[in-house]
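Okay, here's what each chain looks like letter by letter:
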Amino acid sequence: MRFLHCVFLAAGIFASLATAQDAQKHLGHPIQESLQNEPSPNTVPKNFAAILPSPLAQLVVTSRPYPQCGDNEIIIKNHIVAINPVDWKIQSPMGRNFNLTYPVILGEDVAGEVVEVGSEIKSKFSVGDRVMAHPLGLGNGAAYGGFQLYPVLKAATVSRIPDSITFKEAAVLPLSISTAAAGLFMKSTLGLEYPSVDAETSQRAKGSTLLLWGCSSSVGSSVVQLATAAGYSLITTASPGNFRYCKALGADQVLDYHDVDIVEKLIGHLKGRKVVGAYDAIGSEVTVRQSATILHALGGGKIASVGLAPEVFSDVKVSRVSSGNIVTQEPEVAEQIWGEFVPWALESGKLVARPKALVVGKGLENVQAGLDRQKEGVSALKIEVVLN
C-alpha cells in the first residue's frame, strides 16, 4: 500500500480554530452546527476532524480546511464512520511500519450525503445522493481521511446506497469490500472470476472451491459474499457460535478453527475438489501457515493474506492484500466491483450489510473510544461512531 505523506502541520488542539468563539462552539455541538451548512459560492461549511497528531498519541478533534473537489471526486457530509483494526494499529507501536508523516487523519469506512461532485462524474453522482465509500486517506493525504465531517473521496471506491439501507448499515461494508476484492480478483493475488451483475452466477467459476479462513470477520463477511456471487463454493472457518452467520452469507461448510485437527479436517473436505486458493482474512503467522499446509497437501496453490506473508512451501505462493491496490495498481478491479457489482448487488439484495454495526458513541470526540473498543476485540460486529 502506498501511504500518505501529510502536508499540514498541527499547532495544538484548537490553535487552528479561527476565533475563540469557534473553539467554544466546538466544545459544545459543532457537529450538528457544521452539518447544517451546505457548500455554496457564498458559504463554506466548517470542517472538523479527529486527527492523530503524532505516533502513539490519542486522537484530537480540531478544525480542518474544507477540501477541494477534483474532477473524479466527491465531497460528502459524513453521517457515520466505522472503525477497523488498521486504525488502532497505526496508533500503536505497529504504526512505525506505516512510514507516515504526522499528523494524519485515519478512517476507511464512511457513509453520508453528497454535497459536491467533480466535473467528470456528474453522470454517476448527484448532490444529495446517499453513498457509502472507502476513503483513501492513507494513500492520498489528510483531506481524504474518513474521520472528519467533510472528506473528499475518490469516486472509484464510492457507491450509491438504496433507500432500504441505512447509513449505519452501509458503513460496515466499504473497506471490507475493497480488501476482499483486492485478494480475490487482482491478477497479483488470487485472480478469480468477477461476480456476475445479473441473476446468474459465473459459469466459469462453477465447480471451484475457495478456502476462507476467518469467515465472521469484517473482511471475511465480504469475501464470502463476493466469492459466492462469482460462483465459487466456500469452505470456511469460524467459531461455532458463528456457523449459522457464515452459512447465511453463503458458505457451504464451516469448521471450527479451534479444533486441534482443523488442518487435517480441511484437507479431507477439500480433497477431490478443484481448489482455487485460500483467502486468509486473519493473516496471522499461524493461520497463514495452516492454510499453506493445506494447499501443499493438495498440490500447491495461492494464498491471499490480509496480514503476514511468510515464506512457506515452494509450491505455495502467499500474497499480502492491500485494499488501495484495486485503484492504484489494477483499477479495472475497482471498476468491476465498486462501479458495476456493488450498486447492483445492494439494490438487488445480493450484497447484505454484514457484520452488524455496534454504535459506541456520537461525535468526533468519541472516535477514540471506538478505536479502543475495536482493539478489545469483536466477533461478527463492526464498531461505529455516528457523526450526525
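Details of the structure are given in the entry above.
These numbers come from a predicted model, not from an experiment.

A. How the structure looks around unusual backbone geometry. Cis geometry is adopted by the peptide bond preceding P103, which originates at Y102 and carries an omega value of 0 degrees. Here P103 shows up in the loop between α3 (85-91) and β4 (110-117). Residue P355 is bonded to the preceding R354 through a cis peptide linkage, with omega at 0 degrees. With respect to the helices, strands and loops of the structure, P355 is situated in the loop between α12 (331-348) and β14 (356-362).

B. Broad picture of the environment of V306. Note on placement: V306 falls in the loop between β12 (301-305) and β13 (316-320). Owing to a relative accessible area of 23%, V306 belongs among the partly exposed residues under this scheme. Separated by 15 residues in the primary sequence, V306 and V321 place their C-alpha atoms 5.0 Å from one another. Those residues within four positions of V306 in sequence are excluded, and the remaining contacts are T179, V219, Y279, D280, A281, I282, G283, R320 and V321.

C. Up close: the packing of helix α6 (residues 174-185) against helix α7 (residues 218-229). Contact geometry for α6 and α7: axes closest at 8 Å, N-to-C directions at 55 degrees. Considering their axes alone, α6 and α7 lie oblique with respect to each other. Between α6 and α7 lies a crossing of right-handed hand. Side by side, α6 and α7 meet where S176, I177, T179, A180, A181, L184 and F185 of the first sit next to S218, V219, S222, V223, L226 and A227 of the second.

D. Molecular detail of the pattern of salt bridges. Overall, the coordinates contain eight salt bridges when judged by the stated rule. Across the pair E73 and K154 runs a salt bridge, and its minimum N-O distance is 2.9 Å. On the criterion of sequence distance, the pair formed by E73 in strand β3 (residues 73-82) and K154 in strand β6 (residues 152-154) is long-range, its members being 81 residues apart. We classify K154 as partly exposed; its relative accessible area is 26%.

E. Summary view of the side chain of S218. Position of S218 relative to the elements: it lies in helix α7. Residues within four places of S218 in sequence aside, it is in contact with V172, S176, P355 and K382.

F. Structural view of the packing of aromatic side chains. Using the criterion set out here, one finds three aromatic pairs in the structure. An angle of 40 degrees between the planes, with centres 5.6 Å apart, marks the rings of F185 and Y194 as tilted. Residue class for Y194 comes out partly exposed when judged on its relative accessible area of 25%. When the centroid spacing of 5.9 Å and the interplanar angle of 50 degrees are considered together, the rings of F341 and W344 count as tilted. Residue F341 and its partner W344 are located together in helix α12, separated by three residues, close to a single helical turn. Given a relative accessible area of 1%, F341 falls into the buried group. The side chain of R130 reaches across the aromatic face of F167, ending 4.6 Å from its centre.

G. Molecular detail of the nonpolar core. In terms of nonpolar packing, the biggest core is built from 56 residues, with M132, L184, L210 and Y279 touching the most fellow members. Among the secondary structure elements, those contributing two or more residues to this core are α5 (167-170), α6, β8 (208-213), α7, β9 (233-238), α8 (243-249), β11 (274-280) and α12. With eight residues, the single largest contributor to this core is α12. Counting 48 residues, the second-largest nonpolar core is a separate cluster that includes Y66, I83, Y150 and I383.

H. How the structure looks around helix α13 (residues 367-376). Among all positions in α13, only V367, Q368, G370, L371 and Q374 are buried. Buried residues of α13 fall within an arc of 155 degrees about the axis and therefore sit on the same side. Of the surrounding secondary structure, the elements contacted by the buried residues of α13 are β1 (47-51), β3, α3, β14 and β15 (381-386). Positioned one or two residues after α13, G377 has a phi angle of 105 degrees, which is positive.

I. Spotlight on the pairing of β4. Among the eight residues in β4, six count as buried, and that is most of the element. Here β3 pairs with β4 via seven bridges, running antiparallel. Along β4, the bridge assignment pairs I76 with V114. In the sheet, β4 pairs with strand β5 (residues 130-133) via four bridges, with the strands oriented antiparallel. Counterpart to V110 in the pairing with β5 is A133.

J. Representation of α7. With 12 residues, α7 extends 17 Å between its outermost C-alpha atoms, agreeing within 8% with the 16 Å of an ideal straight helix rising 1.5 Å per residue. Those residues of α7 not exposed but buried are S218, V219, G220, S221, S222, V223, V224, Q225, L226, A227, T228 and A229. Positive backbone phi, approximately 105 degrees, marks G231, located one or two places after α7.

What counts and how
- Residues numbered from 1 in each chain as written.
- Predicted model: local features only at pLDDT ≥ 70, side-chain atom pairs only at ≥ 80, totals over all residues.
- Heavy atoms only, no water.
- Helix = DSSP H or I, 4+ residues; strand = E, 2+ residues; numbered from the N terminus.
- Buried < 20%, exposed > 50% of the residue type's maximum accessible area, 1.4 Å probe, protein only.
- Contact = heavy atoms within 4.5 Å.
- Axes fitted to C-alpha atoms, helices over the stretch in contact; angles between N-to-C directions.
- Parallel < 35°, antiparallel > 145°, perpendicular 65-115°, else oblique.
- Left-handed = near helix turned anticlockwise from the far one by under 90°.
- Salt bridge = Lys/Arg side-chain N within 4 Å of Asp/Glu carboxyl O.
- Phe/Tyr/Trp six-rings, centres within 6.5 Å; stacked < 30°, edge-to-face > 60°.
- Lys NZ or Arg CZ within 6 Å of the ring centre and 35° of its normal.
- Core = buried A, V, L, I, M, F, W, Y, C linked by side-chain atoms within 4.5 Å.
- Arc of directions from axis to C-beta.
- Pairing = 2+ DSSP bridges.
- Expected span 1.5 Å × (residues − 1).

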